[in-house]
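Read off the chains here:
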Amino acid sequence: MNQTCHQKNLNPDNNISKTGYRALFILLKLLESPKSRTELLEYISCDPVIKNDLSKDSITNTINALKKAGCIISRPSQRTNNKYILKYHPFSLSLSKENVIALQTIRESLVTFGDWRLLINLNNFYAKIAKYVQDSTYQKILLYNHPLRDINHQIIKRLMFHAGIKKHTIVTYDSPERGKEDLYFTPEYITMENRKLYVWGYCKKYNEFSYLRVDRIKNVNFINFLAENDEDDEFQKSNIIVEYKLKGLSAVMFQTEIYETVLEKTPDEEYKMTVKAVVNNKFNFIQRILSFGSDCLLLSGDEIKNELEQKLKAMKEIYSHDPEQ
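Note that the structure is a prediction, hence the values are computed from the model and not measured. (Residues numbered from 1 in each chain as written. Predicted model: local features only at pLDDT ≥ 70, side-chain atom pairs only at ≥ 80, totals over all residues. Heavy atoms only, no water.)

Some points on the side chain of Thr186
Examined against the element boundaries, Thr186 turns out to sit in strand 5 (residues 179-193). Judged by relative accessible area, Thr186 falls into the buried class, the value being 3%. A polar contact is formed between the side chain of Thr186 and the side chain of His168, at a distance of 2.9 Å. (Helix = DSSP H or I, 4+ residues; strand = E, 2+ residues; numbered from the N terminus. Buried < 20%, exposed > 50% of the residue type's maximum accessible area, 1.4 Å probe, protein only. Polar contact = N/O pair within 3.5 Å; in protein donor to acceptor, adjacent residues only side chain to side chain.)

Notes on the sheet that holds strand 7 (residues 208-213)
Read from one edge of the open sheet, five strands run 7-6-5-4-8, paired in antiparallel fashion. Edge strands, defined here as strands with exactly one partner in the open sheet, are strand 7 and strand 8 (217-222). Going across the sheet, the axis of each strand differs from the next one's by a mean of 45°, ignoring polarity. When strand 6 (residues 196-203) meets strand 7, the two strands line up antiparallel, connected through six bridges. (Pairing = 2+ DSSP bridges. Axes fitted to C-alpha atoms, helices over the stretch in contact; angles between N-to-C directions.)

Here's the deal with helix 1 (residues 18-32)
Helical geometry note: an α-helix holds 3.6 residues per turn, so side chains three or four residues apart project in the same direction. Between its first and last C-alpha atoms helix 1 spans 21 Å; for 15 residues at 1.5 Å apiece the expected length is 21 Å, and the two agree. Burial in helix 1 covers these residues: Arg22, Ala23, Phe25, Ile26, Leu27, Lys29 and Leu30. Buried residues in helix 1 make contact with strand 1 (35-36), helix 2 (37-45), helix 3 (56-68), strand 2 (72-74) and strand 3 (83-88). (Expected span 1.5 Å × (residues − 1). Contact = heavy atoms within 4.5 Å.)

Let's talk about empty space enclosed by the protein
Counting across every chain of the model gives one cavity of 30 Å³ or more. Its volume calculated, the largest cavity comes out at about 30 Å³. Lining of the largest cavity is provided by Tyr189, Trp200, Tyr259, Val278, Val279, Asn280, Asn281, Asn284 and Phe285. For the lining of the largest cavity, the secondary-structure elements that each account for two or more residues are strand 11 (271-279) and helix 10 (282-291). Residue classes in the lining of the largest cavity are distributed as six nonpolar, three polar and no charged. (1 Å grid on protein atoms, 1.4 Å probe; cavity = no way out; pocket = protein on both sides within 12 Å on 5 of 7 lines; lining within 4 Å. Points joined across faces, edges and corners; volume = space filled by probe spheres on them. Nonpolar A, V, L, I, M, F, W, Y, C, P; charged D, E, K, R; others polar.)

Focus: the nonpolar core
Among the nonpolar cores identified, the biggest contains 33 residues, and Leu142, Leu159, Leu197, Val199, Leu212, Val214 and Ile217 are the most heavily contacted of them. Taken together, the elements giving at least two residues each to this core come down to helix 4 (97-111), helix 5 (116-129), helix 6 (136-144), helix 7 (153-165), strand 4 (169-175), strand 5, strand 6 and strand 8. Sorting elements by how many residues they give to this core places helix 5 first, with six residues. Two domains each put at least three residues into this core: domain 2 (97-144) and domain 3 (153-235). Those residues within four positions of Leu197 in sequence are excluded, and the remaining contacts are Trp116, Leu148, Ile151, Ile156, Ile190, Thr191, Met192, Leu212, Arg213 and Val214. Formed by 23 residues, the second largest nonpolar core is a distinct cluster that contains Phe254, Met273, Ile286 and Leu298. (Core = buried A, V, L, I, M, F, W, Y, C linked by side-chain atoms within 4.5 Å. Domains from an automatic or database assignment.)

Some words on the pattern of salt bridges
Taken as a whole and judged by the stated rule, the model has eleven salt bridges. We note a salt bridge from Glu270 to Lys247, for which the minimum N-O separation is 2.9 Å. On the criterion of sequence distance, the pair formed by Glu270 in the loop between strand 10 (260-265) and strand 11 and Lys247 in strand 9 (residues 240-247) is long-range, its members being 23 residues apart. Within this structure, Lys29, Glu32 and Lys35 form a network of salt bridges that share partners. (Salt bridge = Lys/Arg side-chain N within 4 Å of Asp/Glu carboxyl O.)

A word on the sheet that holds strand 11
Here four strands make up an open sheet; going across it, the order is 10-11-9-12 and the pairing antiparallel. With one partner strand each, in any of the chains shown, strand 10 and strand 12 (296-298) form the two edges of the open sheet. For this sheet, the mean angle separating the axes of adjacent strands, direction not counted, is 25°. Relative to strand 11, strand 10 runs antiparallel, the two sharing five bridges. Bridging across to strand 11, Glu264 finds its partner in Thr274. On the sheet, helix 10 packs against strand 9, strand 10, strand 11 and strand 12 and is oriented at approximately 10° with respect to strand 9.

Here we look at the packing of aromatic side chains
Enumeration according to the criterion identifies nine aromatic pairs in this entry. Relative to Tyr126, the ring of Phe125 lies with its centre 6.2 Å away and its plane at 50°, an arrangement referred to as tilted. Phe125 gets classed as partly exposed once you look at its relative accessible area, which sits at 44%. Between Trp200 and Tyr211 the ring centres are 4.7 Å apart and the planes differ by 50°, which places this aromatic pair in the tilted class. One end of the pair, Trp200, is in strand 6; the other, Tyr211, is in strand 7, and eleven residues separate them in sequence. On the accessibility criterion, Tyr211 (37% relative accessible area) is partly exposed. Through a chain of ring-to-ring contacts, three or more aromatic side chains come together here, namely Tyr244, Phe254, Tyr259, Phe285 and Phe292. If you follow Lys29 out to its NZ or CZ, it ends over the ring of Tyr43, 4.3 Å from the centre. The ring of Tyr184 has Lys204 lying over it, and the distance from NZ or CZ to the ring centre is 5.3 Å. (Phe/Tyr/Trp six-rings, centres within 6.5 Å; stacked < 30°, edge-to-face > 60°. Lys NZ or Arg CZ within 6 Å of the ring centre and 35° of its normal.)

That is the geometry; function is a separate question.
As structure tokens, this is what we get:
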């Protein structure tokens, strides 16, 4: 067997217990797969700490020490192809009910940040450690009790791929109003709001930049080619550039959306920051501006300003109306 030795620069004065190190070294090798005494000696010869510890008796003594520590290791025989087989060790991770509750609390606290990529990675990690939970009820909490449980992960992967390269797709969408329908859709980015995942992009059927709930998407098919009149360049030119200022608590708590950029922060003035937004969905952006209330001053974007002014006038008319008259 060919084995490449990886030499490391170690301080010879380091206080390393050779006996303890050798025991851990052999345990790790047996965790990988069954090993013969010859194989273990060859691995040891390549280790910079115990490379001179080449006695066969050292292997036997270390195996016996591991057995005394609670490991069950079968002796080499013709039946085992002259290999040591680790059948059990007492060093397995075991997660209690309290551990699972703490892990679940951490996951729930992260939902408010809207970082769906982090949640996916965390869910994958929890799925790996769930096998160390003895109680099946709490094991299921780690596996299934998360905000993305109703979403097909293959759908997410396809959307992420197509959004990254701005490719056209046919999306089968289960709309609450119209039922299942196939939509010509070009994904651009994914967001998480109120525990729901949304994909944003251009929808040709409605000729607008809109969003779809990912848990309602049943399939995503790639479009290999487009007819000349199917290009959406005209739509891409319809983006509206808007600038606005923020003050007060809205400025303190402000977090940019993917289409926004903070141009400047002016801590000595009434308005603390100026934000630039590339608006491709007027409805969504106007709702965002309204959420800032009087902390927001819209500087540019006449189309948005006019529409916002009309909405505010309509609201004022509703609330100024005397129901007794």
